Each structure stands twice: as structure tokens, then as C-alpha cells.
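Here's the letter readout for the chains.
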Amino acid sequence: RRLNALALDANRGFFAAGTSETNWGDPISAFGGPFDGYVLRSAFMPETLARHAVGDFDGDGADEAAVDLGSTGLWVYDGGGWGQLSPDDPEALVSLNIDGNGDDEILVDWGDGGLDLWDSGSLSQVSPSDAEGLAVGDVDGNGDQEIVADFGAAGLWLYDQGAWAQLSAANPDF
């Protein structure tokens with residue numbers, strides 16, 4: 001296989017075009033002749049924009065799936081049925097266990113609507129600000145997970161036990 005051309009776009013996606021002397025097989029069909037031609041398009045999707053989250057949100061020992069269904073809102077699939085958590089369309093979802101009680105919570109990034117935490121059937125706002133990036137983990141080793149949020153020009157922040165603390169005033173890049 002030979003790469004004949006490569007082009008990058010402003011959104012970190014790329015296009016590649018080339019030829020191959022090898023038949024690639026089903027489902028790619030050859031156009032005939034000694035070479036197959038190909039064009040590949042790749043779109044950049046940063047990990048910070050996860051549209052779905054999986055966790056044991058109801059504490060029954062089995063995982064559920066929190067799913068962004070676009071204009072129909074935020075839904076949870078629980079083994080055989082769907083339940084709507086919100087009619088709004090989230091920007092990102094993250095599963096975490098922020099309170100260490102055994103069931104998972106859902107961190108919901110609403111974009112300009114800020115960050116909410118879904119826990120035991122209710123949503124509560126944890127920040128009115130729009131996060132550019134999110135990560136979770138047990139930063140302090142106490143068994144509960146904390147939220148690390150990139151709030152752009154406002155810096156990098158840690159949410160632990162109901163309070164925010166600034167980790168850095170710098171605007172992190174990803």
C-alpha cells in the first residue's frame with residue numbers, strides 16, 4: 001500500500017489517498033486493474049467529549065448506560081428499559097463514584113449551562129461554568145473520586161467533597 005497524498009484540516013482531521021497492489025477484500029471492492037485506490041477521511045474527536053457513560057448508577061451491581069440521544073435528551077438504559085434523566089442535550093458525560101457509597105454518579109457537562117451531578121435520581125449543579133475538559137480519579141487516595149475540570153482562562157480546578165479548589169491559574173491545553 002502506498003500513500004499518495006495527505007491533507008489536514010483546521011479541525012485536526014485528515015484525508016489520505018493512495019493505491020494498493022493488494023486486493024483489500026470485502027466490503028472494499030476493487031475498481032479493476034492492477035491497483036486498488038483508496039481515500040480515507042478521519043475526524044478528530046477529543047476524548048473530553050464523551051457522549052455516553054457506563055456505570056452502576058442504581059447500586060444493583062450491574063452497569064447501566066447513560067446515553068446522549070441528541071435532541072431527545074439524556075437517557076439511561078437499565079437492562080431492558082430506558083429512562084429519561086433530562087430532556088436537554090448534554091455536551092459530555094462522565095461516570096464516577098464521587099461519594100464512595102458503591103453506586104456511581106454521572107457528571108453532566110451542559111456546555112454554557114455548567115456542570116451537574118446526577119446522583120440517586122436527581123441532578124444538582126456543581127458549577128455554573130462551561131468546562132473545556134474533564135477528568136475524574138481518586139486524586140487524594142480516600143476512596144472517593146474527585147473531578148478535575150479545565151475551565152479555560154479560569155484555570156484548572158479540583159472538585160472534592162462539595163468544594164472547588166484551584167490547582168493552577170494557567171489555561172491548560174489538550
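Everything numeric in this text was worked out from a predicted model, so none of it was measured. In this numbering scheme, every chain counts its residues from 1 along its sequence in written order. At least 70 in pLDDT is required for a residue's local features to be given in this predicted model, at least 80 for side-chain atom pairs to be given and counted, and no such filter applies to totals for whole chains, interfaces and linings, which use all residues. Remark: hydrogens and water are excluded; side-chain values derive from all non-hydrogen atoms of the structure.

When a strand is regular, its side chains alternate between the sheet's two faces. Strands pair, by our definition, only if DSSP identifies at least two bridges between them. The secondary structure listing takes helices from DSSP runs of H or I that are at least 4 residues long and strands from runs of E that are at least 2 residues long, numbered from the N terminus. As judged from the five bridges shared by strand β10 (residues 115-119) and strand β11 (residues 122-127), these two strands associate in the antiparallel manner. Bridge pairing links aspartate 119 to serine 122 in β11. Taking the residues that link successive antiparallel strands as the turn, the β10-β11 hairpin has two residues, and the phi of serine 120 there is positive, at about 55°.

The pairing of strand β13 (residues 146-150) with strand β14 (residues 156-160) spans four bridges and is antiparallel. Residue pairing across strands places alanine 149 opposite tryptophan 157, the latter belonging to β14. As judged from the five bridges shared by β14 and strand β15 (residues 163-168), these two strands associate in the antiparallel manner. The residue bridging tyrosine 159 from the neighbouring strand is tryptophan 164, located in β15. In sequence, β14 turns back onto β15 through a hairpin of two residues, with glutamine 161 there showing a positive phi of about 50°.

What follows is about the sheet that holds β14. In spatial order, the strands read β12-β13-β14-β15; together these four strands make up an open sheet with antiparallel pairing. For this open sheet the edge positions go to β12 (133-137) and β15, each flanked by a neighbour on one side alone. Along the sheet, successive strands turn relative to each other by an average axial angle of 25°, direction set aside. Here an axis means a line fitted to C-alpha atoms, over the contact stretch when the element is a helix, while the angle between two N-to-C directions is reported on a 0 to 180 degree scale.

On to the nonpolar core, then. Within this scheme, the nonpolar core is defined by two criteria: the residues are buried Ala, Val, Leu, Ile, Met, Phe, Trp, Tyr or Cys, and they are joined through side-chain atoms within 4.5 Å. The classification of residues rests on relative accessible area computed with a 1.4 Å probe and restricted to protein chains. Under 20% of the type maximum is buried, over 50% is exposed, and intermediate values are partly exposed. If you look at the biggest cluster of nonpolar residues, it comprises 13 residues, and the most contacted ones within it are Leu107, Leu115, Leu134 and Ile147. Every element with two or more residues in this core is listed here: β8 (92-96), β10 and β13. Residues within four places of leucine 107 in sequence aside, it is in contact with Ala92, Leu93, Val94, Leu96, Leu115, Asp116, Leu117, Val126, Leu134 and Ile147. With ten residues, the next largest nonpolar core counts Leu74, Val76, Trp110 and Trp118 among its residues. Contacts: residue pairs with any heavy atoms within 4.5 Å of one another.

Our focus in this paragraph is the confidence of the model for the protein chain. Per residue, pLDDT captures the predictor's confidence, and it can take any value from 0 to 100. Taken over all residues, the pLDDT of the protein chain has a mean of 80, while the share at 70 or more is 71%. Element-level mean pLDDT values for the protein chain span from 56 in strand β1 (residues 2-8) up to 96 in strand β9 (residues 105-109). Low pLDDT, under 50, characterises residues 24-30; the stretch is placed with five contacts to residues that sit more than four places away or in other chains. Segment residues 44-48 is flagged for pLDDT under 50; beyond a separation of four residues in sequence, or across chains, it makes nine contacts in the model.

Now for the packing of aromatic side chains. A pair of aromatic rings is counted whenever rings of Phe, Tyr or Trp (Trp by its six-membered ring) have centres within 6.5 Å, and the orientation is called stacked for planes under 30 degrees apart, edge-to-face for over 60 and tilted otherwise. Evaluation of the coordinates by the stated rule reveals four aromatic pairs. Here phenylalanine 57 and tryptophan 118 contribute two aromatic rings whose centre-to-centre distance is 6.4 Å and whose plane-to-plane angle is 85°, an arrangement assigned as edge-to-face. Linking phenylalanine 57 in the loop between β4 (52-55) and β5 (64-68) with tryptophan 118 in strand β10, this pair joins segments that are 61 residues apart in sequence. A relative accessible area of 11% places tryptophan 118 in the buried class. Plain terms: the ring middles of phenylalanine 151 and tryptophan 164 are 5.3 Å apart, the flat faces sit at 70° to each other, and that makes the pair edge-to-face.

With that settled, the discussion passes to the pattern of salt bridges. For salt bridges, the criterion is a side-chain nitrogen of Lys or Arg within 4 Å of an Asp or Glu carboxyl oxygen. Applying the stated criterion across every chain yields a total of one salt bridge. Between arginine 51 and aspartate 68 there is a salt bridge whose closest N-O contact spans 3.1 Å. Note that arginine 51 is positioned in the loop between β3 (36-42) and β4 and aspartate 68 in strand β5, a separation of 17 residues in sequence. For arginine 51, a relative accessible area of 35% corresponds to the partly exposed category. With a relative accessible area of 11%, aspartate 68 lands in the buried category.

Now for the sheet that holds β11. Pairing is antiparallel across the open sheet formed by four strands, whose spatial order is β8-β9-β10-β11. Only two strands of the sheet have a single partner each, and these edge strands are β8 and β11. Taken over all neighbouring pairs, the strand axes of this sheet differ in orientation by 25° on average, direction set aside. Both β8 and β9 contribute to a ladder of five bridges, which runs antiparallel. Each residue of the ladder has a partner; that of serine 95, found in β9, is isoleucine 106.

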